[in-house]
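# A look at the structure
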Amino acid sequence: MTMDMIERTKWLAALTAIPSAELMLLTEELSKGWEIKPMSVPQSGLGMLKLNDTAFAEPFYMGEFPVASAWLKITTPDGHTAEGAAQVMDDRIEVAEAHALCDAILSGHLPGHDRVLTMVEKGLAIREETRLERKRILAHTQVDFSLLDDVGDEKGVPNA
Amino acid sequence: MLKLDPIWQPDSQQKQFRLLLEAMSRPGECYAIATIPEDGSVALSVLATLLDAEVSLADPDDLLRIEDWPMLQAKPELSEQADYILCDGAHPPDFIPKIGTLACPEQSATLLLVVEELGQAINSQSALKMKLTGPGIAASSILSISGLNPEWLSVREDWIDSFPLGVDWILVDKARITALPRTTKVELL
Amino acid sequence: MGYVAIKGGGQAIEGTKQVFDYLRTRQGDTSVPLDTSTIENQLRLLHSRVISEGGVYHPRLASLAIKQAQGDTLEAAFALRAYRSTQPRLVETPALNTGEMRITRRISSAFKDIPGGQMLGATTDYHLRLMRLELLNESPEQFSEIAKSWFSGIDVDVIPDTFPKVLEGLRAEGLLPEIDQRTRGQVPFDITREPLIFPVSRSAALATMTRAEQGSLLAMAYSNMRGYGDVHPTVAELRVGYLPVLLPHPITGDLTEIGEVEVTECEVIAMYESNEANDKPTFTLGYGVCFGHNEVKAISMAILDRALQKGMKDGPTNPSEDPEFVLLHVDGIDSMGFCSHYKMPHYVTFQSDMDRLRKTQQKQDVKEPVV
């Protein structure tokens, strides 16, 4: 898969499937000697989840989740520059910084981007496996009403 | 690696905040800024301590650089509605800030005025010399400011006329700050 | 109420910390400390409950809270709430939609055939409530064999990727109340910032109930089901699954998935009623949702949502329809805290009660001298 095939909006979900310790080892290695300037203060705290109820489409606050954010500008010794940012569902700033670095490395084609791309592919495969696991749970417990139809007719839900 | 200017780090922000509390408690007293930023203005150091994503900031005189805004996280706002307003003291004021309501007098603006020099006595022809009285001041004190357009003092009178409504001021020069909360009476000498 | 400041209790209090931890750890030499992953996986539904009542989706800390509280759900939820109160609020998501949920369970009691089908998922609804004695001596080998073996040979192609909401079919037929477009841009009530001062909005009620203590919510809903109420609900749809959490990318602004949260969601259809004098009558609806896998909570919340809508509109005729009665008594931290405060010294208050009683008895003796 090439970078062009995976949208930027999908990188984070893929990379968060990788154990963060492993990811941080990679970003630490790749970023050695780089000048990294924060564009906003890296922080960790909470995000509030706003949800539309499905009865009346009224928004309400369902609850909070941990979030850490980082926005970085990178200059490599060769003079490459790139900006990367990430907000992750995690309480650790260093995890957000690692993901922001990946975002910069991938979007700016910085040295090491092929290794980060490999991580993205690995993460996508993990996410795919989770998706299949959930489908298996559904498939294994899907109700087959066809036998009931022999007994009598029951009106189903009108199609939307 | 990651270089974060000291003015964004929690321990120096705590020191700076303590200083601002002292300044607000002793109006007119000049305090040396706790942390001079490596990159950025002294005003930025004060704003870094006070602001976060929950408040709004107006910068009518364009004193901030573009890269300062994402660091401050404050929402950009018009002077008339902003929680915090950064002003060049040399320019005359041309807006009316939020002065709060009787039910919520705290919903008013805090002004950060950048001036040339602050002190008890300043060697400058154009320096404004004023006598201060009010809470936090033993009897009275003297404050001199250069680089402050005198119109600021007359509009301040209007703004603080209906206590508890009003605005609070922090003035900053190259190295020092002083505060004039709405309770301080200023008499131009 | 007078609280007496104590000097002598400091040592005793220190002692309680040690004694509490002693009880946690005296299992014996062969025992091992609980690890948080075990709690999250093997006590999954307890874990869901604590996340939901704590009000913050932090699986690792929810496990820790259960561990340190030795299984007390109220204390564990309290610890999680206390943690969240130390954290700054950084962002808010745009309004998310549960249509995006990655489903692991989906049923309807209102209809047999629903678009996408009914999938029971991991439910105990149909289990015989018999003790599984074979689990008493479960070996690590037997344990790991279960997860390994059941995946073989399941065809997933029959399962669609998305499932339309059952309610949308009813809405298309005009059987449900119209959606008021004005509510879309509304700023919801934030119960973490403002106290409930009645009357409150529905968004305040939903936010309060979603982190309510499960038993209280169930008891209130049950009272309504049994007749202290008129909801007569049918479950239109019950979903369990994972909702992607989206935030705009800080640089591009494009919505990016930053993680997912497990949620349980339920809509109930209740008795139909006329909206205005000339409008067609429509079904009334109730909505429930919570973090984690907790169906009793979602169903109870949906029933109470409907009951409270009725109470807020027509005035309450039953306790479960009274917003003040429901919303002020379902929060676990509030209720357990107040209950527990009775254990604090009330010596001065009680002393004055004793004095008053003695005086009253004396007055009675004077009136009716003891023979």
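None of these values were measured; they are calculated from a predicted model. (Residues numbered from 1 in each chain as written. Chains lettered and ligands numbered in written order. Predicted model: local features only at pLDDT ≥ 70, side-chain atom pairs only at ≥ 80, totals over all residues. Heavy atoms only, no water.)

Before going further, it helps to examine the confidence of the model for chain C. Here chain C averages 92 in pLDDT, and 95% of its residues register 70 or above. Scoring the predicted complex yields pTM 0.90 and, for the interface, ipTM 0.93. (pLDDT = per-residue confidence, 0-100.)

Moving on: the state of the cysteines. Inspection of the entire model under this criterion finds 0 disulfides over all chains. For Cys266(C), which is in no disulfide, the shortest distance to another cysteine sulfur is to Cys290(C) and amounts to 9.8 Å. (Disulfide = S-S within 2.5 Å.)

This model, assessed by the stated rule, comprises 8 aromatic pairs over all chains. An angle of 75° between the planes, with centres 6.3 Å apart, marks the rings of Phe60(A) and Tyr287(C) as edge-to-face. On the criterion of chain membership, the pair formed by Phe60(A) in strand S2 (residues 59-75) and Tyr287(C) in strand S5 (residues 281-291) is interchain, its members lying in two chains. As far as burial versus exposure is concerned, Phe60(A) and Tyr287(C) are alike and both buried. Pairwise contacts between aromatic rings join Phe95(B), Trp152(B), Trp159(B) and Trp169(B) into one cluster. When the ring centre of Tyr242(C) is taken as origin, the NZ or CZ atom of Arg134(A), which lies over that ring, is 3.9 Å away. Just above the ring of Trp169(B) sits the side chain of Arg156(B); from NZ or CZ to the centre is 5.7 Å. (Phe/Tyr/Trp six-rings, centres within 6.5 Å; stacked < 30°, edge-to-face > 60°. Helix = DSSP H or I, 4+ residues; strand = E, 2+ residues; numbered from the N terminus. Buried < 20%, exposed > 50% of the residue type's maximum accessible area, 1.4 Å probe, protein only. Lys NZ or Arg CZ within 6 Å of the ring centre and 35° of its normal.)

So, on to the sheet that holds strand S1 (residues 35-52) of chain A. Pairing is mixed across the open sheet formed by 4 strands, whose spatial order is S3(A)-S2(A)-S1(A)-S1(C). The open sheet has two free edges, formed respectively by strand S3 (81-88) of chain A together with strand S1 (89-92) of chain C, since each of these has just one partner strand. Mean inter-strand twist for the sheet, computed between neighbouring axes without regard to direction, equals 30°. Inspection of the sheet shows S2(A) paired to S3(A) by 8 bridges, in the antiparallel sense. For Ile74(A), the partnering residue across the bridge sits in S3(A) and is Ala82(A). Most of the contacts of helix H3 (residues 93-107) of chain A go to S3(A), to which it runs at about 140°, and overall it touches S1, S2 and S3 of chain A. (Pairing = 2+ DSSP bridges. Axes fitted to C-alpha atoms, helices over the stretch in contact; angles between N-to-C directions. Contact = heavy atoms within 4.5 Å.)

Below, the discussion takes up the interface of chain A and chain C. On the chain C side, the residues contacting the 61 residues of chain A number 93 residues. On inspection of chain A and its partner chain C, the count reaches 9 salt bridges. Here Asp91(A) makes a salt bridge to Arg60(C), at a shortest N to O gap of 3.8 Å. Our count for the contact surface shared by chain A and chain C stands at 30 residue pairs in polar contact (both at pLDDT 80 or more). Of all the elements in the fold, those that place two or more residues in the side of chain A that touches chain C are helix H1 (8-15), S1, S2, S3, helix H4 (113-140) and helix H5 (146-149) of chain A. Of the residues assigned to the side of chain A that touches chain C, the class counts are 31 nonpolar, 14 polar and 16 charged. (Salt bridge = Lys/Arg side-chain N within 4 Å of Asp/Glu carboxyl O. Polar contact = N/O pair within 3.5 Å; in protein donor to acceptor, adjacent residues only side chain to side chain. Nonpolar A, V, L, I, M, F, W, Y, C, P; charged D, E, K, R; others polar.)

Attention shifts here to the domain arrangement of chain C. Residue and element names in this part refer to chain C. You can read the domains of chain C as domain 1 (8-84) and domain 2 (98-123 + 137-335). Here domain 1 and domain 2 have C-alpha centroids that lie 28 Å from each other. Counting residues at the interface gives 15 residues for domain 1, matched by 21 residues for domain 2. In this assembly, domain 1 packs against domain 2 so that about 1500 Å² is buried in total across both faces, 53% of it on carbon and sulfur atoms. Together, Ser-52, Tyr-57 and Arg-81 form the three largest contributors to the area buried by domain 1 at its contact with domain 2, with a combined 39%. On inspection of domain 1 and its partner domain 2, the count reaches 2 salt bridges. Across the pair Arg-49 and Glu-213 runs a salt bridge, and its minimum N-O distance is 2.6 Å. (Domains from an automatic or database assignment. Buried area = accessible area lost by both parts, 1.4 Å probe.)

Moving on, we get to the packing of helix H3 (residues 44-54) of chain C against helix H5 (residues 73-84) of chain C. All names here are of chain C. Direction vectors running N to C along H3 and H5 enclose 50°, while the axes themselves pass 8 Å from each other. One way to sum up the angle between H3 and H5 is to call them oblique. Between H3 and H5 lies a crossing whose hand is right-handed. Two secondary-structure elements touch here, H3 through Leu-46, Arg-49, Val-50, Ile-51, Glu-53 and Gly-54 and H5 through Thr-73, Ala-76, Ala-77, Leu-80 and Arg-81. (Parallel < 35°, antiparallel > 145°, perpendicular 65-115°, else oblique. Left-handed = near helix turned anticlockwise from the far one by under 90°.)

Residues and elements named next belong to chain C. When helix H4 (residues 59-68) is considered as a whole, its buried residues turn out to be Leu-61, Ala-62, Ser-63, Ala-65 and Ile-66. Looking at the buried residues of H4, the elements they touch are helix H2 (36-42), H3 and H5. Positive phi appears at Gln-70, one or two residues downstream of H4, with a value of about 55°.

Attention now goes to the packing of H4(C) against H5(C). Residue and element names in this part refer to chain C. Where H4 meets H5, the axes come as close as 8 Å, and the angle between the chain directions of the two elements is 135°. On the basis of their axis angle, the class for H4 and H5 is oblique. Once H4 is placed against H5, the crossing between them reads as right-handed. Here Leu-61, Ala-62, Ala-65, Ile-66 and Gln-68 of H4 lie close against H5, whose contacting residues are Ala-76, Ala-79, Leu-80 and Tyr-83. In terms of residue class, the contact of H4 with H5 is built from 8 nonpolar, 1 polar and no charged.

Bringing the nonpolar core into the picture now. Side chains of a nonpolar character, in soluble globular proteins, are inclined to be buried together. Leu49(A), Leu51(A) and Val261(C) are the most contacted members of the largest nonpolar core, which totals 110 residues. Look past the residues within four positions of Val261(C) in its chain and what remains in contact with it is Leu49(A), Met89(A), Tyr57(C), Gly241(C), Tyr242(C), Leu243(C), Val245(C) and Phe291(C). Counting residues in each nonpolar core, the second largest holds 28 residues, with Trp8(B), Ala23(B), Ala74(B) and Ile177(B) among its members. (Core = buried A, V, L, I, M, F, W, Y, C linked by side-chain atoms within 4.5 Å.)

Right, let's talk about unusual backbone geometry for a bit. Between Phe163(B) and the following residue, Pro164(B), the backbone shows a cis peptide bond with an omega angle of 10°. Position of Pro164(B) relative to the elements: it lies in the loop between helix H4 (151-159) and strand S9 (168-172). The linkage connecting Phe198(C) with the following residue, Pro199(C), adopts the cis geometry, with an omega of 5°. For Ala57(A), which is not glycine, the phi dihedral falls at a positive 55°.

Here the focus is the pattern of salt bridges. Applying the stated criterion across every chain yields a total of 47 salt bridges over all chains. Across the pair Arg202(C) and Glu58(A) runs a salt bridge whose closest N-O atoms are separated by 3.3 Å. Taken together, the residues span two chains, with Arg202(C) in helix H8 (residues 202-210) and Glu58(A) in the loop between S1 and S2. This pair shows no difference in class: Arg202(C) is buried, exactly as Glu58(A) is. Salt-bridge contacts for Arg202(C) lead to Asp305(C); the nearest nitrogen and oxygen are separated by 2.8 Å. In this pair, Arg202(C) is assigned in helix H8 and Asp305(C) in helix H10 (residues 295-314), connecting sequence segments 103 residues apart. Of the two residues, Arg202(C) and Asp305(C), neither departs from the other in class, the shared state being buried. Residues joined by salt bridges that share partners form a network here, namely Arg106(C), Lys165(C), Glu237(C), Arg239(C), Glu265(C) and Glu267(C).

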